[in-house]
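So you can see what is in the structure, the chains are spelled out below.
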Amino acid sequence: MKNNKKISIWEAYLTKEIGIEFKACLYFFAILFFYCVYRVVCGVYDASILHMTEMIFTCYIIGYIQVYLFGNFDEAEKLNGKEIAGFIVCTALYVLVSVIGKWFDGNAVAVLAFAAYLLVTYGCVFLIYKTKRKIDDKKLNEDLKLFQAEHKK
């Protein structure tokens, strides 16, 4: 009889896919925010649908790279070489696509600011996940104590 408490291959795969979906939405919002601020600063009050399409597809592709090639670096316990390499490579890929797609109209200062913004964003997301893990651990420990107290009776 199969042990129902173990995670199946399908469930593990689905968990990764949901994580990639979440990352794509999170990073798309962050990138779109920067893009829109750039456009407003330039006196333009509309955004290119083509640019937004490139952004979301790029977010999905880089989400797969983050999870499968760099071990989900923004959700890591600590920043080591692989995680830092992931920060840099993924930032470089976003910058490359932004230059090819002309998201910032060839403005080198905007592209450099975008790269810095992405690095800060990755750092913030890393800290958010780290904080969430600590809170989840604390909650699980509290639940375990309650469970143990219930079963000692």
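Anyway, here's the lowdown on the structure attached to this text. Keep in mind that this is a model prediction, so the values were computed, not measured.

Conventions we followed
- Residues numbered from 1 in each chain as written.
- Predicted model: local features only at pLDDT ≥ 70, side-chain atom pairs only at ≥ 80, totals over all residues.
- Heavy atoms only, no water.
- Salt bridge = Lys/Arg side-chain N within 4 Å of Asp/Glu carboxyl O.
- Helix = DSSP H or I, 4+ residues; strand = E, 2+ residues; numbered from the N terminus.
- Buried < 20%, exposed > 50% of the residue type's maximum accessible area, 1.4 Å probe, protein only.
- Phe/Tyr/Trp six-rings, centres within 6.5 Å; stacked < 30°, edge-to-face > 60°.
- Core = buried A, V, L, I, M, F, W, Y, C linked by side-chain atoms within 4.5 Å.
- Contact = heavy atoms within 4.5 Å.
- Axes fitted to C-alpha atoms, helices over the stretch in contact; angles between N-to-C directions.
- Parallel < 35°, antiparallel > 145°, perpendicular 65-115°, else oblique.
- Left-handed = near helix turned anticlockwise from the far one by under 90°.
- Nonpolar A, V, L, I, M, F, W, Y, C, P; charged D, E, K, R; others polar.

1. Let's talk about the pattern of salt bridges
Phase 1 of the analysis: Summed over all chains, the structure comprises six salt bridges.
Phase 2 of the analysis: For arginine 39, the salt bridge goes to aspartate 46, with nearest N and O atoms at 3.5 Å.
Phase 3 of the analysis: The salt bridge partner of glutamate 77 is arginine 133, with a shortest N-O separation of 3.0 Å. Of this pair, glutamate 77 sits in the loop between α2 (49–69) and α3 (81–100) while arginine 133 is found in helix α4 (residues 108–152), placing the two residues 56 residues apart along the sequence.
Phase 4 of the analysis: Residue classification places glutamate 77 among the exposed residues on the basis of a relative accessible area of 56%.
Phase 5 of the analysis: Residues joined in a network through salt bridges with shared partners are Lys23, Asp74 and Glu75.

2. What about the packing of aromatic side chains?
Phase 1 of the analysis: As enumerated under the stated definition, the model contains 15 aromatic pairs in all.
Phase 2 of the analysis: For the pair phenylalanine 34 and phenylalanine 104, a centre-to-centre distance of 5.5 Å together with 85 degrees between the ring planes defines the contact as edge-to-face. In this pair, phenylalanine 34 sits in helix α1 (residues 9–41) while phenylalanine 104 sits in the loop between α3 and α4, placing the two residues 70 residues apart along the sequence. Of the two residues examined, phenylalanine 34 and phenylalanine 104, each falls in the buried class.
Phase 3 of the analysis: Relative to phenylalanine 104, the ring of tryptophan 103 has its centre 6.5 Å away and its plane inclined at 75 degrees; by these criteria the two rings are edge-to-face.

3. A few points about the nonpolar core
Phase 1 of the analysis: Judged by nonpolar contacts, the single largest core of 30 residues is most densely connected at Ile31, Tyr94, Phe104, Phe114 and Tyr122.
Phase 2 of the analysis: For this core, the secondary-structure elements that each account for two or more residues are α1, α2, α3 and α4.
Phase 3 of the analysis: With nine residues, the single largest contributor to this core is α4.
Phase 4 of the analysis: Setting aside its immediate chain neighbours within four residues, isoleucine 31 contacts Met55, Cys59, Tyr94, Trp103, Phe114 and Leu118.

4. A few points about the packing of α2 against α3
Phase 1 of the analysis: Put simply, α2 and α3 touch, their axes get as near as 11 Å, and they point 160 degrees apart. Taken together, the axis directions place α2 and α3 in an arrangement best described as roughly antiparallel. Where α2 crosses over α3, the two elements pack in a sense that is right-handed. Along the contact surface, α2 presents Thr58, Cys59, Ile62, Ile65, Gln66 and Leu69, while α3 presents Lys82, Cys90, Leu93, Tyr94 and Val97.
Phase 2 of the analysis: In terms of residue class, the contact of α2 with α3 is made up of eight nonpolar, two polar and one charged.

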